[in-house]
Amino acid sequence: GAGVSQSPSNKVTEKGKDVELRCDPISGHTALYWYRQSLGQGLEFLIYFQGNSAPDKSGLPSDRFSAERTGGSVSTLTIQRTQQEDSAVYLCASTLGPETQYFGPGTRLLVL
Amino acid sequence: AQSVTQPDIHITVSEGASLELRCNYSYGATPYLFWYVQSPGQGLQLLLKYFSGDTLVQGIKGFEAEFKRSQSSFNLRKPSVHWSDAAEYFCAVAPGGSGTYKYIFGTGTRLKVLA
């Protein structure tokens, strides 16, 4: 497709379970970002991938969070042993450089 | 530390009235500046951006923003608001020309439009 896609669009899980969130960036975009948007909050930076460079993981809130980007394209954000405070909308964005970030529709995660 | 401040959490205006959303940033050099809009249930969409040059930039949907270096501000304006402008607006900055593109977003301003 032409835009950034994310799956699933909604995820409900039980506390303690692991979840995987997927992001398909725009083809050819070298940079990919993950953000978390909690209710009434702004966008919290999580992790940034740029080409083949080591990712900037400085925004990951705990070691329960990890992300990978395979083949410079698709990315998966994994949250292990989910907690209720992990409930949020997780947004993915891609860009070619210091340009417009193109955002996906997000995955709404609810941890019960 | 780099930061972006949107001092107004909520703003309510009447349809047809003018609008100004404030954004202040703290950054060592001139950054790249952006305004995004997030409509209910939608992803973020770019309204406009400033990299260099003319400090008054025009965006989509009739929005404009002015970069004021002396005030470290990048306020968003619209002369006449439409009901469809009701949404949340985010200001963002990114390092200019450094080769690293870590964006910092403000906490957003939620706009309500009265009929």
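Structural data are supplied above this passage.
Residues numbered from 1 in each chain as written. Chains lettered and ligands numbered in written order. Predicted model: local features only at pLDDT ≥ 70, side-chain atom pairs only at ≥ 80, totals over all residues. Heavy atoms only, no water.

Below, the discussion takes up the state of the cysteines. As enumerated under the stated definition, the model contains two disulfides over all chains in all. Cys23(A) shares a disulfide with Cys92(A); S-S distance 1.8 Å. Linking Cys23(A) and Cys92(A), the disulfide has an S-S dihedral of approximately -65 degrees and is accordingly described as left-handed. Residue Cys23(A) is located in strand E3 (residues 19–24), and its partner Cys92(A) is located in strand E8 (residues 88–95); the two are separated by 69 residues in the primary sequence. Exposure remark for Cys92(A): the relative accessible area of 0% places this residue in the buried category. Two residues share a disulfide in this structure: Cys23(B) and Cys91(B), whose sulfurs sit 1.9 Å from each other. Disulfide Cys23(B)-Cys91(B): torsion about the S-S bond near -65 degrees, hence left-handed. One end of the pair, Cys23(B), is in the loop between strand E3 (19–21) and strand E4 (24–26); the other, Cys91(B), is in strand E10 (residues 87–94), with 68 residues separating them in the sequence. (Disulfide = S-S within 2.5 Å. Helix = DSSP H or I, 4+ residues; strand = E, 2+ residues; numbered from the N terminus. Buried < 20%, exposed > 50% of the residue type's maximum accessible area, 1.4 Å probe, protein only.)

Turning next to the pattern of salt bridges. Residues and elements named next belong to chain B. On inspection of all chains with the given rule, the structure shows eight salt bridges over all chains. Between Arg77 and Glu66 there is a salt bridge; the shortest N-O distance is 3.3 Å. Residue Arg77 is found in strand E9 (residues 73–78), and its partner Glu66 is found in strand E8 (residues 64–68); the two are separated by 11 residues along the sequence. Its relative accessible area of 23% is what places Arg77 among the partly exposed residues. With a shortest N-O distance of 2.8 Å, Glu88 and Arg110 are connected by a salt bridge. One end of the pair, Glu88, is in strand E10; the other, Arg110, is in strand E12 (residues 109–114), and 22 residues separate them in sequence. Residue Arg110 is classed as partly exposed on the basis of its relative accessible area, which comes to 40%. (Salt bridge = Lys/Arg side-chain N within 4 Å of Asp/Glu carboxyl O.)

Residue and element names in this part refer to chain B. In this structure, Leu19, Trp35, Leu47, Leu48, Phe74, Leu76 and Tyr89 are the most contacted members of the largest nonpolar core, which totals 26 residues. Put simply, the parts of the chain that give this core at least two residues each are strand E2 (10–14), E3, strand E5 (32–38), strand E6 (44–50), E8, E9, E10 and E12. Among the elements that line this core, the one with the most residues is E10, at four residues. With sequence-adjacent residues up to four places away left out, Leu76 is seen in contact with Leu19, Glu20, Leu21, Trp35, Leu47, Leu48, Phe63, Glu64, Ala65 and Tyr89. (Core = buried A, V, L, I, M, F, W, Y, C linked by side-chain atoms within 4.5 Å. Contact = heavy atoms within 4.5 Å.)

So, about the environment of Gly53(B). As for its placement among the helices and strands, Gly53(B) is situated in the loop between E6 and strand E7 (56–58). Taking C-alpha positions, Gly53(B) is 10.0 Å from Phe67(B), a pair spaced 14 residues apart along the chain.

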